[in-house]
Amino acid sequence: MTAYTTRYNKAKRALFERMYSFLNERQREAVFTVDNPLLVLAGAGSGKTTVLVHRIAFILRYGNAYYQNINDDITQEEVEKLESAMDLPLDELPAFLDGLAVGKCPPWAVLSITFTNKAAKEMKERLIKVVGEERGAQDIWAGTFHSVCVRILRRHGIELNIPSNFTIYDAEDSKRLISSIMKDLNIDEKILPVKMISSLISKYKEQLVTPEEAVTPEKDFKMSRILRVYKEYERRLSEANALDFDDIIMKTVQLLKTSESVRDYYQSRFKYVCVDEYQDTNHAQFELAKLLSGKYRNLMVVGDDDQSIYKFRGATIKNILEFDTVFSDAKTVKLEQNYRSTENILNAANAVIKNNVGRKGKNLWTKNGKGDAIVLKKLDDQNAEASYIANSILELAKNENRKFNEFAVLYRMNAQSNAIEKVLARAGVPYRVLGGTRFYDRKEIKDIMAYLCVINNTNDNLRLQRIINEPKRKIGSATLEAIADISANDGISYFEVISNASKYVALAKAAPVLTAFANLIKQFVIISKSETLSSLFAKVIDMSGYRDMLVAAGPAEADRVENIDELISNAVEFENQNDDATLQSFLEEVSLISDIDNYDADADSVVLMTIHSAKGLEFPIVYLPGMENGIFPGVISMSDNEDMEEERRLAYVAITRAKQKLILSHVKERLMFGKTQYNQISRFITEIPSDLLDVQEEIRHRNYMFESKLTAKARREEAISKGIGAPNVFVGKGSAKEKNGDVFVAGDTVIHPSFGRGDVLSARSMGRDYLYEIAFDNFGTKKLMGSYAKLKKAE
DNA sequence: CACGCTCTGCCTGCG
DNA sequence: GCAGAGCGTG
């Protein structure tokens, strides 16, 4: 080693630091730390995704070039060449540094795991930008925990006796299954609620505990019954060739633990593993990450213990708090500079979160300047609160020339959205609601999906049971019980039983209808093999009689008809986007998507969602209604200290979503679940130093709905001038829709053929139609679908 | 077996 | 305030 070697290594680092001068020092450290376990504690808005993306790009291009010292003999000439490179133009540096790469890694050897599809998609897009397609950005495995595991299980699950065409049961399916098991085992749902059992089973699976491994105190009667349900639940899942969401992780862990060849395959493949939102991982996910990175041990986890808000579904903050104990050679990097919010907003967030005991401790700071004071508004009731938000949005849109997509209204629970939605509609503010009932959770969609699941996998007894009498086919509970008995005795699926219904004495009476149903499904199976997805969907909807059933129900079910049609358009879309649009791949994609994945930040409308859904997002202006004890923090968490800390972390997440303005509000009385509550101001507000707050009160002691200084006509014109046209954009799948007939907005006066004159209170886009709430002069307020109502404009 | 009535319970929710 | 489950009746 010559004297030049030290100088050489130093110059090399200086060059990399220069190349990454757009990052701060902490961020650079995380990017350059490539080998061994790494924990990045990334505060809200600290550029965590930037670090993840650039670190992967760095690994692919330069390997461990920054920290790997050169020990060979270095000549004076070589040192000087390196040192003079400091004068190179910045855009020539990356190519120059290629010569210094050490142990760079192929893209397919990098695995990046996130929680949501949205995060995975964003990650992929940014990788393509930074890494570039020519460097194989496409080949990086970037997916959610579930998509990664499903991929592994489809390919290797057979080693655990999981056939590759398994179906996935969502939370509702799994509750139905539990409920039917409890009936069979004669367990009273009033003593042991389904909800409780399902969450216990989920907890076991998150802890990787099988029913056999679960230990119960001898005399614990309840526990022993729960375990009996768990055992039977497992049996029926495997009989139906189905996995629930927890299984997807648990079985993958089991597979990696038991099969040496599968474990070797993945461990040798993944040289680098990154896990985002690590604070949200549960025990099973921790084991999975540990297993997948088990050979090279280059596991990087990124998270923020202060943003851990999913304890209730099994996330354990322990994973992050104990990371450096489990991996004793782990390095920890803290990102505390915030690039998102103003100082006032950050100070408020810091002041709230510092009341938590169980945390690593971090203090966010920013160079963004103080910014506006945080507004704290007190109002009469939830309607006044909603009106205030609507007025405030219109005012800021006008005075500060804000676009509607700069605003977000974040609430603790979905039930709060109703009052706000109504008023926004009246005020002509375009908005979208995320969350609540997902498109694929709607009954009619789940029914049609159940048909498709049975067509794909006739062993799926649960889905078969769901649709066998939907629409009505005169197959009642007595027949179903007989089918279940035969199925259990002969060890064959429900479908096999009904296919041979005439063979069984117990089914003699129902045999004709059962055979007809079995033939219908068999026909669908044939169609599924010869025709396109969309044509299969259309035939299922029509030939099953499902559409006729809805149409016969009249206008009340009009929106359901729209939804099943929307499902067909989704199939068409899916065909356009995928070369191999099989039924199996469609079902899989659908079972792994969520609403937030459809959030489109570019659409110009105010967005309403829960604080949970908003994690990872940011908005210039954020409203937080319902800052009241009993709402936020929620009533259930008020008695438990750990739950209270989770609520406080949720408050921290909520506050740190805001970039420029934060508006908190609370009300004197609130109508909720049909009851009036009188809540005190949220304890989290009292934790914010008062000098950060601009306290305003607007108490009128009277019932109060949206009042605008603008007339309905002026509001509408304003809305149209802003390019909104029709007032609201519907939830969920956001494809542009053709509307038939005249379209009305809140404030219009219309004539209905039988109800006469009325005023449109709200208009809501539903599929290709509109749902109007109309106050008729003589018939009261009614909700009508535009295409059925035959409305005419009055004037 | 289907329909309509009453009763209940309801936070947050990844995939 | 609303949806889904349970129950009684035709």
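Residues numbered from 1 in each chain as written. Chains lettered and ligands numbered in written order. Predicted model: local features only at pLDDT ≥ 70, side-chain atom pairs only at ≥ 80, totals over all residues. Heavy atoms only, no water.

(A) Quick peek at the packing of helix α7 (residues 145–156) against helix α12 (residues 260–269). Following both chains from N to C, one finds α7 and α12 inclined at 135°, their axes separated by 12 Å at the closest point. Taken as axis vectors, α7 and α12 run oblique relative to one another. The two elements α7 and α12 cross, and the hand of that crossing is right-handed. The residues of α12 that touch α7, namely those facing I152, R155 and H156, are V262, Y265 and Y266. (Axes fitted to C-alpha atoms, helices over the stretch in contact; angles between N-to-C directions. Helix = DSSP H or I, 4+ residues; strand = E, 2+ residues; numbered from the N terminus. Parallel < 35°, antiparallel > 145°, perpendicular 65-115°, else oblique. Left-handed = near helix turned anticlockwise from the far one by under 90°. Contact = heavy atoms within 4.5 Å.)

(B) Focus on the pairing of strand β6 (residues 272–275). Covered by surrounding structure in β6 are Y272 and C274 together with V273 and V275, the residues of both alternating faces. Pairing of strand β2 (residues 110–114) with β6, which is carried by four bridges, proceeds in the parallel orientation. Bridge pairing in β6 places S112 opposite C274. As paired strands, β6 and strand β7 (residues 299–303) are joined by three bridges and run parallel to one another. Paired with C274 across the strands is M300, a residue of β7. In this fold, the crossover linking β6 to β7 by way of helix α13 (residues 283–292) has right-handed handedness. (Buried < 20%, exposed > 50% of the residue type's maximum accessible area, 1.4 Å probe, protein only. Pairing = 2+ DSSP bridges. Right-handed = clockwise from strand over helix to strand, strands pointing away.)

(C) Structural view of helix α26 (residues 558–577). For α26, built from 20 residues, the straight-helix expectation of 28 Å at 1.5 Å per residue is met to within 8% by its first-to-last C-alpha distance of 29 Å. Turning to α26, its buried residues are A558, V561, E562, N563, I564, E566, L567, I568, N570, A571 and F574. (Expected span 1.5 Å × (residues − 1).)

(D) Representation of the pairing of strand β3 (residues 141–144) in the model. Here β3 shows a buried face lined by W141 and G143 and a second buried face lined by A142 and T144. In this fold, β2 hands off to helix α6 (residues 117–131), which returns the chain to β3; that crossover is right-handed.

(E) Expanded view of unusual backbone geometry. For the peptide bond that leads from E470 to P471, omega is 5°, which places it in the cis range. In this chain, F632 is followed by P633 through a cis amide linkage whose omega measures 5°. Counting through the fold element by element, P633 comes out in the loop between β13 (619–624) and α29 (641–655). Here the phi dihedral of N161 falls at roughly 65°; this positive angle occurs in a residue that is not glycine. With a relative accessible area of 69%, N161 lands in the exposed category. A positive phi is found at E277, a non-glycine position, where the angle reads about 50°. For E277, the position within the fold is in the loop between β6 and α13.

(F) Expanded view of the packing of helix α24 (residues 533–543) against α26. At a minimum axis distance of 8 Å, the contact between α24 and α26 shows a crossing angle of 165°. Judged on the interaxial angle alone, α26 and α24 are roughly antiparallel. The hand of the α24/α26 crossing is right-handed. Mapping the contact onto sequence places L533, S534, F537, A538 and I541 in α24 and I564, L567, I568, A571, V572, F574 and E575 in α26. For the contact of α24 with α26, the residue count by class is 10 nonpolar, one polar and one charged. (Nonpolar A, V, L, I, M, F, W, Y, C, P; charged D, E, K, R; others polar.)

(G) Structural detail: the sheet that holds strand β1 (residues 38–42). Strand order across the open sheet formed by six strands is β3-β2-β6-β7-β1-β8, with parallel pairing between neighbours. Each of the sheet's edge strands pairs with one partner strand only, and the pair in question is β3 and β8 (331–335). Adjacent strand axes in the sheet meet at a mean angle of 15°, parallel and antiparallel pairs treated alike. Judged from the four bridges that link them, β2 and β3 form a sheet pairing that is parallel. Within the sheet, the bridge partner assigned to T114 lies in β3 and is T144.

(H) Representation of the side chain of S499 in the model. In this structure, S499 sits in helix α22 (residues 494–499). A relative accessible area of 17% means that S499 is categorised as buried. Within the structure, the side chain of S499 is placed 2.8 Å from the backbone oxygen of F495, a separation counted as a polar contact. For S499, the contacting residues outside a window of four places in its chain are A518 and K522. (Polar contact = N/O pair within 3.5 Å; in protein donor to acceptor, adjacent residues only side chain to side chain.)

(I) Representation of the sheet that holds strand β11 (residues 431–433) within the structure. With parallel pairing, seven strands are arranged side by side in an open sheet as β11-β12-β10-β13-β14-β9-β17. Only two strands of the sheet have a single partner each, and these edge strands are β11 and β17 (693–698). This sheet shows a mean twist of 20° between the axes of neighbouring strands, independent of strand direction. When β13 meets strand β14 (residues 658–667), the two strands line up parallel, connected through five bridges. Looking at the pairing, L624 lines up with L664 of β14. The strands touched by helix α16 (residues 343–353) are β9 (374–379) and β14; relative to β14, the strand with the most contacts, the crossing angle is about 55°.

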